Amino acid sequence: MSILVTGGTGYIGSHTALKLLERGERVVLLDNFSNSGPDVLTRMEEIAGCALRFYRGDILCADTLSEIFRTEDVEGVVHFAGLKAVGESVQKPLEYYRNNVAGTLNLLEVIGRFGVKNFVFSSSATVYGSRSVAPYREDMPAGGCTNPYGQTKYIIELMLQDLYASDDSYNITALRYFNPIGAHPSGKIGESPSGVPNNLMPYITQVAAGKLPELRVFGADYDTPDGTCIRDYIHVEDLAEGHVLALRNQRGFNIYNLGTGTGTSVLGLVSAFEEATDVKIPYRIADRRPGDVQTSFAAVTKAREELGFLARFDVRRMCEDSWRWERYANGHA
Ligand code: WQD
């Protein structure tokens, strides 16, 4: 029996697929390479030390999905495939609704036809919007996201909840990620944003590598100890482990936060990076970025008690691994 990982060569999908293999699962990967490439698959195989079952295709294509379910003995699906750039989603909302919402709908319909009942979805802490105050608990109100990307994640959660309400033989888990950073300890896979990064850590590593001149810190007048926004950064390896635990502990419909429960400010992350790598990050304070919430971090009790999930890696380690990956990627560009 295998686990199908959609978006299996993407940032979180690739780490999760390798973690599932490490934990003794068989995996089948699906990816359209829209934000990765064959080289990622090659490096994943180097790390795994074996060939991986891979399909190049799109979740929007029912024929491709049917072929996979006909050929492979799939017992569960971990679904990452989707578009994820917040700014782009504002410019191209329909692409986001098509790829993320219609793509997931298509996947769920095919899964239903083949009688597969176990589904883990890659959701986001962005669904908490700005209504609630951190620490965010899974039972707090969600929705009202400030961008189409976030809305797609929330709509998919609703779709999954309704699916389960209609048929409780499903096991469905939505995992709300906080801010994933870090990279595989081998340094061979990590996040590869296209163009100038929007997210903080890839921006920092590109400044460190000399590809960008300086970091702009978006707002230093927030009501936080150093005036900059607070986020819950979590190592992608911890996140990957969270998926293994989620798959092993599926029962009914559940939502879990995957975070560390600890907040770090923008300037705190800059200092941690400098200390971990001995590389100075020039920065200047800029205006606030529209749509940013002041403070976001996870309540971790539910994931700990029900999944046994506990993040292991600290921010220093996240910085070391992100930097190792940046240097590897530049050496192999
Ligand atoms: C973190 C902090 C910025 C860049 C986003 C999405 C979310 C999820 C993860 C997933 C904020 C500040 C950033 C920079 C800065 N998406 N910052 N200078 O906004 O918490 O979450 O990514 O796929 O849905 O919204 O993460 O890394 O963009 O920002 O000062 O150049 O760093 O203002 O306070 P965010 P981020």
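What counts, and where the lines are drawn
Residues numbered from 1 in each chain as written. Predicted model: local features only at pLDDT ≥ 70, side-chain atom pairs only at ≥ 80, totals over all residues. Heavy atoms only, no water. Helix = DSSP H or I, 4+ residues; strand = E, 2+ residues; numbered from the N terminus. Rg over C-alpha atoms; globule rule 2.2 N^0.38 Å. Areas by Shrake-Rupley, 256 points an atom, 1.4 Å probe, with all protein chains shown as cover. Lys, Arg positive; Asp, Glu negative; His and termini not counted. Charge placed at Lys NZ, Arg CZ, Asp CG, Glu CD. Buried < 20%, exposed > 50% of the residue type's maximum accessible area, 1.4 Å probe, protein only. Pairing = 2+ DSSP bridges. Right-handed = clockwise from strand over helix to strand, strands pointing away. Near = heavy atom within 4 Å. Polar contact = N/O pair within 3.5 Å; in protein donor to acceptor, adjacent residues only side chain to side chain. Nonpolar A, V, L, I, M, F, W, Y, C, P; charged D, E, K, R; others polar. Axes fitted to C-alpha atoms, helices over the stretch in contact; angles between N-to-C directions. Salt bridge = Lys/Arg side-chain N within 4 Å of Asp/Glu carboxyl O. Disulfide = S-S within 2.5 Å. Contact = heavy atoms within 4.5 Å.

(A) Region of interest: the overall build of the protein chain. The helix and strand inventory of the protein chain stands at 11 helices and 13 strands. The C-alpha atoms of the protein chain give a radius of gyration of 19 Å, which matches the 20 Å a tight globule of 333 residues would have. With the principal axes as the frame, the protein chain shows a C-alpha extent of 55 × 45 × 40 Å. About 14,300 Å² of surface is accessible on the protein chain, with carbon and sulfur atoms providing 48% of the total. Side chains of the protein chain carry 33 positive and 41 negative charges; the gap between the two charge centres is 1 Å.

(B) Molecular detail of the pairing of strand 1 (residues 2-6). Across the five residues of strand 1, five count as buried, placing the element largely inside the fold. Going residue by residue along strand 1, you find Ser-2, Leu-4 and Thr-6 tucked away on one face and Ile-3 and Val-5 tucked away on the opposite face as well. Bridge count for strand 1 against strand 2 (residues 26-31) is five bridges, and the pairing is parallel. By the bridge assignment for strand 2, Ile-3 is matched with Val-27. In this view, the connection linking strand 1 to its parallel neighbour strand 2 by way of helix 1 (residues 11-22) has right-handed handedness. Pairing between strand 1 and strand 4 (residues 74-79): five bridges, direction parallel. For Ser-2, the partnering residue across the bridge sits in strand 4 and is Val-74.

(C) Region of the structure containing the site of the ligand. Neighbouring the ligand are 20 residues; Leu-200, Arg-216, Arg-231, Arg-289 and Asp-292 lie closest to it. Phe-218 is positioned such that a nitrogen or oxygen atom in its backbone is 2.8 Å from an oxygen atom of the ligand. In isolation the ligand offers 690 Å² of accessible surface; the protein chains occlude 88% of this area. Elements with a contribution of two residues or more to the shell around the ligand: helix 7 (200-208) and strand 8 (215-218). At four residues, the largest contribution of residues to the shell around the ligand is made by strand 8. In terms of residue class, the shell around the ligand is made up of 10 nonpolar, five polar and five charged.

(D) Molecular detail of the sheet that holds strand 1. Read from one edge to the other, the open sheet built from seven strands follows the order 3-2-1-4-5-6-11, with strand pairing classed as parallel. Sheet topology places strand 3 (53-56) and strand 11 (253-258) at the edges, where each strand pairs with a single neighbour. Adjacent strand axes in the sheet meet at a mean angle of 20°, parallel and antiparallel pairs treated alike.

(E) The pattern of salt bridges, seen in detail. Under the criterion given, the structure shown has 22 salt bridges. In this structure, Lys-117 engages Asp-167 in a salt bridge whose closest nitrogen and oxygen atoms are separated by 3.0 Å. Taken together, the residues Lys-117 in the loop between helix 5 (93-113) and strand 5 (118-124) and Asp-167 in the loop between helix 6 (148-166) and strand 6 (171-177) connect sequence positions 50 residues apart. Asp-292 is the salt-bridge partner of Arg-289, the closest N and O atoms lying 3.0 Å from each other. The class for Arg-289 is partly exposed, based on a relative accessible area of 33%.

(F) How the structure looks around the state of the cysteines. Enumeration over the complete set of coordinates arrives at zero disulfides. Unpaired in this structure, Cys-145 has its nearest cysteine sulfur neighbour in Cys-229, at a distance of 17 Å. A relative accessible area of 10% places Cys-145 in the buried class.

(G) Broad picture of helix 7. Within helix 7, nine of the nine residues are buried, leaving the element largely enclosed by the surrounding structure. Residues of helix 7 that are buried sit in contact with strand 7 (179-181), strand 8, strand 10 (233-235), helix 9 (266-277) and helix 11 (315-331). Once helix 7 finishes, Gly-210 follows within two positions and takes phi at roughly 85°, a positive value.

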